[in-house]
Every structure is written in structure tokens, then in C-alpha cells.
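# Overview (structure and organization)
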Amino acid sequence: MQKFLEEIVATIGASDDRGQVASYIPQLACVDPNQFAITVATVDGQLYVAGDSDKLFSIQSISKVFTLTLALGKLGDAIWSRVGREPSGDPFNSIVQLEHESGKPRNPFINAGALAIVDAILMGHQPKETLAEILQFVRYLAEDDTIAIDDKVARSELETGDRNASLAHFMASFGRLKNPVDYVLGTYFHHCSIAMSCRQLARAGLFLAGDGKNPVTGVRVVSPRRARRINSLMLMCGHYDGSGEFAYRVGLPGKSGVGGGILAIAPGRASIAVWSPGLDKIGNSKLGSAALEKLVEHTGWSIFG
Ligand code: GLU
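A brief report on the enclosed structure follows. Please read all numbers here as calculations on a predicted model, not as lab measurements.

## Notes on the overall build of the protein
- If you tally the helices and strands in the protein, you get 14 helices and eight strands.
- In summary, the protein has a C-alpha radius of gyration of 18 Å against a globular reference of 19 Å for 305 residues, a match within 12%.
- For the protein, the spread of C-alpha atoms along the principal axes amounts to about 55 × 40 × 35 Å.
- Out of the 305 residues belonging to the protein, those deemed buried represent 56%.
- In the protein, 68% of the contacts between residues at least 6 apart in sequence involve partners at least 24 apart.
- Carbon and sulfur atoms make up 49% of the accessible area of the protein, which amounts to about 12,400 Å² in all.

The structure is reproduced here in C-alpha cells:
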């Protein structure tokens, strides 16, 4: 595996055709696109790292996997009255579907859905308290207390977040938010701005590869049924309107972020984190997707056999 990952770094990771870094968040626009990392954490406790696997990057929407897990822990299935479980087939920040569906977002991984999830977790608390809880949860999953929010990225998102603000106000107009819109937005922008390395991210995702239990520490995070369900949502909705393409090419549950990271889960086998900041037209890491496709070809880890 180690040799194979190094080969991926030397081939795919060195490609000239790297896609474009996200430019709508100014702080992400300054990230050097020539970086590449891949980490595989296996359920039997091996950790294979290659490339810039210790370099911190903005996990962006990958954080939505962790906020969904937290929300399910707090509200259980009641969360599904606030957000759906269907692929959207629309861009991550689309507003059109919301009007047709009375302000109820299609799924927890599009921006509107993640705003609904944050609103659920806030439960009348101050954004700072909720953020501390989210951060504590991510640190616990990754077994790493150094994980933090990149305030520069959060500020950059806040300053240019008109689209997300529109989504939140639109949902509020349908009576869908229970907390003040600025609380929801502030918490959302900050959790998207958590900075992690591929090594940390792969470890944080291990519970989803281990039937809800971190197979290395033995700590149960969610029930096997809940882990299966989170994985199925990642497969169907984790790459926005590119989810079908990702399932076709890679065949693993995965969640991407506009920082260029992807967390992919091979149930029963491994948690995989890749990072390459350049994105394809839909907003998913271009080389990250290619690397995962290659990894699955090599390992036979597709959930479809
Ligand atoms: N914070 C980003 C936004 O709200 C997240 C998008 C993403 O990673 O897909 O636009």
C-alpha cells in the first residue's frame, strides 16, 4: 500500500491538469494548487501516508459529515423533519429547489441542508458553545487536540457569504430556522473553516469504516445502523451534482469540500483522505477523485465488488 500511494503521488499528484482552486472564498483562492496528499487508515490499525499528508487544509464541506453525526446523536431521526435524504442533482449552493420544497433542503450535505443541521445543533446555545462542541467532537474522532478553526478562512467566508446568507434567510422565511440567521451562518462558516491534514481526517473517518466503532481504539461513536446510513448518504449526496459520477468512477461513500479534500470510506476496510486543491467544474477535487479511482482499481475496495 505504501509503495502504491507513493506511486499515486508521483503520477496523479504530479499531473499538470489540476483543476482550479475555489475562488469565491478569497482565502481559498491563495492556496498553492501544486499540493497533493493521500492517507489510508485501515481498520486493522495501519496508517499509510504519502505526499503532503501533514499539511493542514480547509476541510470545508467535509465537516458536514461530522455535524450530521452530531445532530443525529442529539435529535435522532427527528432530524429528518428538517432535512431530506435525497440527492439534489443541483449545485452545492443552489436556491431553486428550496422554493419548490417549502424551504426543506434535499439533504444534509448541500449548503442549505448543512445550515438546517447547524440550526438543529444550536438548540438555543450561543454559536461559540456549539462550535466548541463541534470542534471537540472532531478532535475526539481524530484523537488529536491540536485541530482548530482557521479564523482567516472563516472571516473570508463571512465577508463573501451572500449566497449562504440568502439560503439561510430563505429557509427562515418558511419558518425553518429556530435560531437567529446570523447565529446559524456564523456557526456554519466556522465549522467549514476547520483545518485538518489528511492524516487527521483519515483517522477521524475511521468509525465509519468500522461499523460505527473506531476499530483501533475500540470506542463506539454511532450504532452500526447509523454508520451504514451516514455512509449511504455520503454515497448518494457527498459530491453534490457530481455524486453519481463519483459513485460510478470510485464506488465508495465520500464527502468532498471546496478546499480540495475528499474523505472516502471503504466499509470494513479503511478510511481514506485525499487532498488536492484544484477542483473540477462541479467543485470536487479533480486529482483527488482521480486518485481514489486508481486506489479502488488497485485494491478492489468498491462497495459494488
Ligand atoms: N463553506 C463552503 C460554502 O459554504 C462549503 C462548500 C463546499 O465545501 O462544498 O460555500
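## Examining the pairing of strand S8 (residues 270-275)
- Across the six residues that make up S8, a large majority, six, are buried.
- Burial of the side chains of S8 extends over both faces: Ala 270, Ile 272 and Val 274 are buried on one face and Ser 271, Ala 273 and Trp 275 on the other.
- When strand S1 (residues 37-42) meets S8, the two strands line up antiparallel, connected through six bridges. Note on S8: the bridge partner recorded for Ala 37 is Trp 275.
- Hairpin connection, strand S7 (residues 261-266) to S8: the antiparallel pair is bridged by three residues, and Gly 268 has positive phi, about 80 degrees.

## Description of the sheet that holds strand S3 (residues 57-58)
- Pairing is antiparallel across the open sheet formed by three strands, whose spatial order is S3-S5-S4. Sheet topology places S3 and strand S4 (148-149) at the edges, where each strand pairs with a single neighbour.
- Two elements, S4 and strand S5 (residues 194-196), share two bridges in a ladder whose sense is antiparallel. Looking at S5, one finds that Ala 148 is bridged to Ala 195.

## A word on the sheet that holds S1
- Sheet architecture is open: five strands sit in the order S2-S1-S8-S7-S6, paired in antiparallel fashion. Looking at strand neighbours, the two that pair on one side only are strand S2 (47-51) and strand S6 (254-256), the edges of this open sheet. Averaged over all pairs of adjacent strands, the angle between their axes in this sheet comes to 10 degrees, without regard to strand direction.
- As defined by bridge partners, S6 adjoins S7 across three bridges and the pair is classed as antiparallel. Looking at the pairing, Gly 254 lines up with Ala 264 of S7.
- Against the sheet, helix H1 (residues 2-10) contacts S1 and S2, and its axis sits at roughly 20 degrees relative to S2.

## Focus: a positive patch on the surface
- There is a patch of like positive charges on the surface, built from Arg 85, Arg 225, Arg 228 and Arg 229.
- Of note, Arg 225 is situated in helix H12 (residues 224-237).
- Under the relative-accessibility criterion, Arg 225 is labelled partly exposed at 47%.

## Quick word on the nonpolar core
- Phe 66, Ile 194, Met 196 and Leu 201 are the most contacted members of the largest nonpolar core, which totals 65 residues.
- By residue number, the principal contributor to this core is helix H5 (residues 111-122), which donates nine residues.
- When near neighbours in sequence (up to four residues on either side) are disregarded, Ile 194 contacts Phe 57, Ser 58, Ile 59, Ile 134, Leu 135, Val 138, Ile 147, Ala 148 and Ile 149.
- Grouped together as the second largest cluster of nonpolar side chains are 23 residues, Phe 4, Ile 8, Ile 38 and Ala 291 included.

## Quick notes on helix H3 (residues 63-75)
- In a regular helix each residue adds 1.5 Å, so 13 residues correspond to 18 Å; H3 covers 18 Å between its end C-alpha atoms and thus fits that length.
- When you tally the buried positions in H3, you get ten out of 13 residues, the bulk of the element.
- Here H3 has its buried residues at Ser 63, Lys 64, Val 65, Phe 66, Thr 67, Leu 68, Thr 69, Leu 70, Ala 71 and Leu 72.
- Trailing H3 by a residue or two, Gly 76 shows a phi angle of about 60 degrees, which is positive.

## A word on the site of the ligand
- Close to the ligand lie Tyr 24, Gln 60, Ser 61, Phe 92, Asn 111, Glu 157, Asn 164, Tyr 188, Cys 192, Tyr 240, Gly 257 and Val 258.
- Here a nitrogen atom of the ligand and a side-chain polar atom of Gln 60 are 2.6 Å apart.
- Within the contact set of the ligand, an oxygen atom lies 3.1 Å away from a side-chain nitrogen or oxygen of Asn 111.
- Relative to its unbound accessible area of 290 Å², the ligand is 99% covered by the protein chains.

## Things to note about the state of the cysteines
- Going through the model one piece at a time under the given rule, you end up with zero disulfides.
- You can see Cys 192 has no disulfide; the closest cysteine sulfur is in Cys 237, sitting 16 Å from it.
- With relative accessibility at 0%, the residue Cys 192 sits in the buried group.

Conventions and cut-offs
- Residues numbered from 1 in each chain as written.
- Predicted model: local features only at pLDDT ≥ 70, side-chain atom pairs only at ≥ 80, totals over all residues.
- Heavy atoms only, no water.
- Helix = DSSP H or I, 4+ residues; strand = E, 2+ residues; numbered from the N terminus.
- Rg over C-alpha atoms; globule rule 2.2 N^0.38 Å.
- Buried < 20%, exposed > 50% of the residue type's maximum accessible area, 1.4 Å probe, protein only.
- Contact = heavy atoms within 4.5 Å.
- Areas by Shrake-Rupley, 256 points an atom, 1.4 Å probe, with all protein chains shown as cover.
- Pairing = 2+ DSSP bridges.
- Axes fitted to C-alpha atoms, helices over the stretch in contact; angles between N-to-C directions.
- Patch = residues over 30% accessible without salt bridge, like charges linked within 9 Å, V, L, I, M, F, W, Y side chains within 5 Å.
- Salt bridge = Lys/Arg side-chain N within 4 Å of Asp/Glu carboxyl O.
- Lys, Arg positive; Asp, Glu negative; His and termini not counted.
- Charge placed at Lys NZ, Arg CZ, Asp CG, Glu CD.
- Core = buried A, V, L, I, M, F, W, Y, C linked by side-chain atoms within 4.5 Å.
- Expected span 1.5 Å × (residues − 1).
- Near = heavy atom within 4 Å.
- Polar contact = N/O pair within 3.5 Å; in protein donor to acceptor, adjacent residues only side chain to side chain.
- Disulfide = S-S within 2.5 Å.

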